[in-house]
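Structural features, examined
If you want the building blocks of each chain, they are given just below.
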Amino acid sequence: MLQEVIILIAGLLSLSIVVKGVIGFVKNHNEEVQVLSKVNEKKDKSHLDYSESNSAIVPNEGTVAVTKEDLSRGNLILVNSENPIRAYDESNLVSIAENNEGAYQIKDKSLFLNKEAMNALNEMLKDFKKVKGNNEVIIISAYRDFYAQEKIHYETMIKQGVEHANSYVAKPDHSEHHTGLAVDLGIYHEDGTSSEYDGTGIYSWINENCYKYGFILRYPGEKKDKTGISEEPWHFRYVGKIHATIMHELNLCLEEYIVYLKNYSYYVNPGQGIIEESKNYSIYYIPAEGDITYIPVPESKPYTISGNNKDGFIVTVLIS
C-alpha cells in the first residue's frame, strides 16, 4: 500500500513539472511573439514614414550578395592610420594627362586617377577657369601604390623629421592616395614659378564649391583629432555629389560621416531636411557579415554600393 502511495505522489509531481513547463513555454512563446510584433510594427512604421515624408514610391526589395573583399571598394572607403587599404585596385584608373581638358596643368604624365573622380575634377576645374579666368592650378599628386608612398614617407622623415612626416604624410598602406580618389593641388604660375596651394584668394572658390562636384576637403585643420592628419588645404577626396553635400552641410569629415551613416537603415534618408537634393535619395548602412553579406536593394531603381573599408556597406539609391 505504501509503495502504491509513493508511486502516485511521484506521478503527480511529474505531471506538475510537465504542466509548469508547458505553461512556461507558452508564456515565453507569447512574449517572443509580442516582441516580434513590436519590432515588425516599428519596421512597418519606419517604412511608411519614409515613403510618406518623401512622397516617393518605395521600390520592391531584392538582395545582392557582396564579399568581404568588397569592403575595400567604392567611393566611400575610409583609409587612415587605423584602417589600411585592403587591396590596391587599379582597374578604374585613367591617365590624367590623357584626360586633361585644358583647365589645369599636371606635374608629369605618371599621374592616374579613378575615372569617376577624373570626370568630376575636369568639371570642377573647368568651371573654376570659367569663373576666375585662371588655369594655374597644377595636379601634383594622385594615385600612389605602396612603394611610392613608402618613398615619400621615408624622404619626408629624413628631410623634415619623424614628427612632421607622421603629421602630414600617411604611412604606406594608410594613404588616401592608395584609393585613386584623392588629388593634391599646387600652383604653377605663368612666369615658371610655383607655390603651395593654400585655398585662399581666388582659389578659395575651389574649396568652397568642391562639394558640388563630389569632392571634400579631406583634412580641415579643425578635424585633426578625427583624421589624424594636420590641415592640408590642397588635398581633395572624391566621395560623390550627394555624400559630399551632406558632409558639407553637417560639417563632417569622412571619419565622422562613416559613423553618422550607421544610424540609418533601409528606406531612411540621412540627408532629409538638410538639402533639397536628398529627397531624391535613400542612403543606408548594412553591417558586414562574414565572407558574404546580403544587402537589400531596390529591384527597379539605380543604386551603388560602397564598402567603408571597415565594417560595413553604404547603399545609395536614386529614388527619383
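This report concerns the structure included in the present document. Remember, predicted model here, so these are calculated numbers, not experimental data.

Parameters and conventions
- Residues numbered from 1 in each chain as written.
- Predicted model: local features only at pLDDT ≥ 70, side-chain atom pairs only at ≥ 80, totals over all residues.
- Heavy atoms only, no water.
- Helix = DSSP H or I, 4+ residues; strand = E, 2+ residues; numbered from the N terminus.
- Buried < 20%, exposed > 50% of the residue type's maximum accessible area, 1.4 Å probe, protein only.
- Contact = heavy atoms within 4.5 Å.
- Areas by Shrake-Rupley, 256 points an atom, 1.4 Å probe, with all protein chains shown as cover.
- Pairing = 2+ DSSP bridges.
- Axes fitted to C-alpha atoms, helices over the stretch in contact; angles between N-to-C directions.
- Expected span 1.5 Å × (residues − 1).
- Polar contact = N/O pair within 3.5 Å; in protein donor to acceptor, adjacent residues only side chain to side chain.

1. A few points about the overall build of the chain
The helix and strand tally for the chain stands at 9 helices and 13 strands. Taking all 320 residues of the chain together, the buried fraction comes to 43%. Considering only intrachain contacts with a sequence separation of at least 6, the fraction spanning at least 24 residues in the chain is 66%. Element-wise, carbon and sulfur atoms account for 53% of the exposed surface of the chain, whose accessible area totals about 17600 Å².

2. Some words on the sheet that holds strand β13 (residues 312-318)
Pairing within the open sheet is antiparallel, and its 3 strands lie in the order β10-β13-β12. Unpaired on one side and paired on the other, β10 (281-287) and β12 (303-307) mark the two borders of the sheet. On average, each strand axis in the sheet is tilted by 20° relative to the strand beside it, whichever way the strands run. The sheet contact formed by β12 and β13 spans 5 bridges and is antiparallel. Considered in β13, the bridge of Ser306 is made with Ile314.

3. Thoughts on helix α8 (residues 241-250)
Among the residues of α8, those classed as buried are Ile242, His243, Ala244, Thr245, Ile246 and Met247. Close packing links the buried residues of α8 with β8 (215-219), α9 (254-260), β10 and β13. In the stretch just after α8, Asn251 is the one whose phi turns positive, near 55°.

4. Some remarks on helix α3 (residues 115-132)
The end-to-end C-alpha distance of α3 is 26 Å, a good match for the 26 Å that 18 residues give at a rise of 1.5 Å each. Where α3 begins, the side chain of Asn114 points an oxygen toward the backbone nitrogen of Glu116, at a separation of 2.9 Å.

Function cannot be inferred from these measures alone, as they are strictly geometric.
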